[in-house]
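# Results of the structural survey
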Amino acid sequence: MGMIDSVKNTAFSTAVKTALDYLEKDPESNIPKAMRVMDKVLPDGWYEGQRAAFRKAIAEKGNWYQLIMKAYQLDEGVRKTFFQNFIINSALKGSAIQEEVRSRENCNVPWAILLDPTSACNLQCTGCWAAEYGHKLNLSLETIDDIIKQGKALGTYMYIYTGGEPMVRKKDLITLCERHPDCEFLSFTNGTLIDETFCQEMLRVKNFVPAISLEGFEQANDGRRGKGVFEKVMHAMDLLREHKLPFGISTCYTSANCADISSEQFFDMMIEMGAMFVWFFHYMPVGNEAVPQLLPTPEQRKMVYERIRAFRNTKPIFSMDFQNDAEYVGGCIAGGRNYLHINATGDVEPCVFIHYSNVNIHECSLLDALKSPIFMAYHDGQPFNKNMLRPCPMLENPEILKEMVKRTGAKSTDLQSPESVDHLCGKCERYAEHWKPMADVLWDSSGKGA
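Model, not experiment: these values are computed from the prediction.

Glancing now at the packing of helix α10 (residues 229-242) against helix α12 (residues 264-273). Direction vectors running N to C along α10 and α12 enclose 45 degrees, while the axes themselves pass 9 Å from each other. When the axes of α10 and α12 are compared, the pair comes out oblique. Contacts between α10 and α12 involve F230, M234, M237, D238 and R241 from the former and M269, E272 and M273 from the latter.

Below is the structure:
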């Protein structure tokens, strides 16, 4: 990062912090004034795109304004900690450090690190790729602590737990929040283990946010996760809302549930329950027992794409579509470009869905892992397609993943049922072929394909 960029980053951090402090006094009255504070601190032209977007949201008092106001209904300490850790530490301070390391080391450096504290889970969900790992693997508390220390040295202040069910390790997750109060921790969870005691712990540490898995309405959700799970999830969200704690929803869309999870009724239910954000994940046919029939058809994926974008302009909830929003991040974000994944046995994988690796965190540093052959193949190959609706080297470009894995000698990290890259990519070939014409039409019609 150059001197000018460093000065801009520092100035913007100061401006954001000043504006946030100002908002705490009276958010509804001070939201318009906060932008004037930003404008006074920053010279003309600096971060003008971001500032213009905020001005528009404030002037219209639409869904984004409502979402900002929802944030000011959260517990004050949790809210202030989130803004400090997510905006100041991760997005501003952290991104500057990441850029310096990228330039110096000529490798990817992630904004977020996904970790599996355990492969254990209290549920047995149909089609869960995590179940492929088995249920007896764990990363020790000290190993995770060391990963976070290494990550912070690279500028990474965002840590996301997957699994297994991370909440099986509640005590350790809270300990890590205590040890690293400058980081923000998010956990994908089935939500069934969230109780009054854990809500109190979340209020105490202030830097832990759950993303609760929900596959649709009660029938669809319990059909995959088990009878009674939907009711337990609703109870968990009730508790979080009553304690003024932030949380979001994670949902995987398949050929069976895509209509429900992209419906207005589903969005309204999430908002009514108090969710601040929702992450949509496309079903990935990972594992020897995966069911390719659950892959959405091109028409179904187009429907999800269009509905989510429409509701993004009308509903006060921040939505992210992991597969269809690649244009906003320049394509595939895996391989350490924006994130990487470390499974419960320590294998450092380029993606939470790509279970191949050359290295294990017990045997190398995080930086060494980012320089390993499979990660460098990602670094050198991204983006994998000019059409940002075809970003993935597995799902939409299976020939690319197959070539990378074979060229780098990466091995399957699935200890229970190793899957060859030929078998995995073979399940995606027909899907990729059928999605390409639809993706090309959508991309060209968006005006970005020229």
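Further remarks concern the sheet that holds strand β6 (residues 277-282). Reading across from one edge, β7-β6-β5-β4-β3-β2-β1-β8-β9 is the order of the nine strands in this open sheet, with mixed pairing throughout. Both edges of this open sheet fall to β7 (318-321) and β9 (348-349), since each of them pairs with a single strand only. Where strand β1 (residues 112-115) and strand β8 (residues 339-342) come together, four bridges link them in parallel fashion. Paired with L115 across the strands is I342, a residue of β8. Here helix α6 (residues 141-153) sits on the sheet and contacts β1, β2 (158-161), β3 (184-189) and β8; the angle it forms with β2, its principal contact strand, is near 150 degrees. Relative to the sheet, helix α13 (residues 298-312) contacts β5 (248-253), β6 and β7, its axis offset from that of β7 by approximately 155 degrees.

Another aspect to go through is the packing of aromatic side chains. Considering all chains together, one arrives at 17 aromatic pairs under this definition. Every member of this aromatic cluster is reached through a ring pair, and the members are F188, W279, F281, F322, Y339 and F353.

Once that is clear, we can look at the side chain of K70. Within the secondary structure, K70 is located in helix α4 (residues 63-71). Within the buried set, K70 has no salt-bridge partner at all; the shortest N-O distance to an opposite charge, 10 Å, is to D268. For K70, the side chain forms a polar contact with the main-chain oxygen of A275, separated by 3.1 Å. Dropping the residues within four chain positions of it, K70 is found in contact with I271, A275, M276 and P316.

Next up on the list: the pairing of β7. Only one face of β7 is covered, namely the face carrying S319 and D321; the face carrying F318 and M320 is uncovered. In terms of strand pairing, β6 meets β7 through four bridges, oriented parallel. Directly across from F280, in β7, lies its bridge partner D321. This β-α-β element, β6 to α13 to β7, shows right-handed connectivity.

On to the environment of H282, then. Inspection of the secondary structure puts H282 in strand β6. Each C-alpha atom, one on H282 and one on T254, is 6.8 Å from the other, the two residues being 28 residues apart in sequence. Ignoring anything within four residues of it in the chain, the contact list for H282 reads C252, Y253, L295, P296, R301, Q323, L395 and Y431. Looking at H282, its side chain comes within polar contact range of the side chain of Y431, at 2.6 Å.

So, about the pattern of salt bridges. Across all of its chains, the model carries 27 salt bridges by this definition. We note a salt bridge from D238 to R241, for which the minimum N-O separation is 2.8 Å. Taken together, the residues D238 and R241, both in helix α10 and three residues apart, mark about one turn of the helix. Here D325 makes a salt bridge to R312, at a shortest N to O gap of 2.6 Å. Linking D325 in the loop between β7 and β8 with R312 in helix α13, this pair joins segments that are 13 residues apart in sequence. For D325, a relative accessible area of 12% translates into the label buried. One continuous salt-bridge network, built from bridges that share partners, spans E142, D145, K149 and R179.

With that out of the way, let us pick up the pairing of β5. Across the six residues that make up β5, a large majority, six, are buried. Of the two faces of β5, the one carrying G248, S250 and C252 and the one carrying I249, T251 and Y253 are both buried. By the bridge criterion, three bridges tie strand β4 (residues 208-213) to β5 in an arrangement that is parallel. Note on β5: the bridge partner recorded for S213 is S250. When β5 meets β6, the two strands line up parallel, connected through six bridges. Across the sheet, the residue bridging to I249 is V278, located in β6.

Rules used throughout
Residues numbered from 1 in each chain as written. Predicted model: local features only at pLDDT ≥ 70, side-chain atom pairs only at ≥ 80, totals over all residues. Heavy atoms only, no water. Axes fitted to C-alpha atoms, helices over the stretch in contact; angles between N-to-C directions. Helix = DSSP H or I, 4+ residues; strand = E, 2+ residues; numbered from the N terminus. Parallel < 35°, antiparallel > 145°, perpendicular 65-115°, else oblique. Contact = heavy atoms within 4.5 Å. Pairing = 2+ DSSP bridges. Phe/Tyr/Trp six-rings, centres within 6.5 Å; stacked < 30°, edge-to-face > 60°. Buried < 20%, exposed > 50% of the residue type's maximum accessible area, 1.4 Å probe, protein only. Lys, Arg positive; Asp, Glu negative; His and termini not counted. Salt bridge = Lys/Arg side-chain N within 4 Å of Asp/Glu carboxyl O. Polar contact = N/O pair within 3.5 Å; in protein donor to acceptor, adjacent residues only side chain to side chain. Right-handed = clockwise from strand over helix to strand, strands pointing away.

Distances and angles like these do not, on their own, reveal function.
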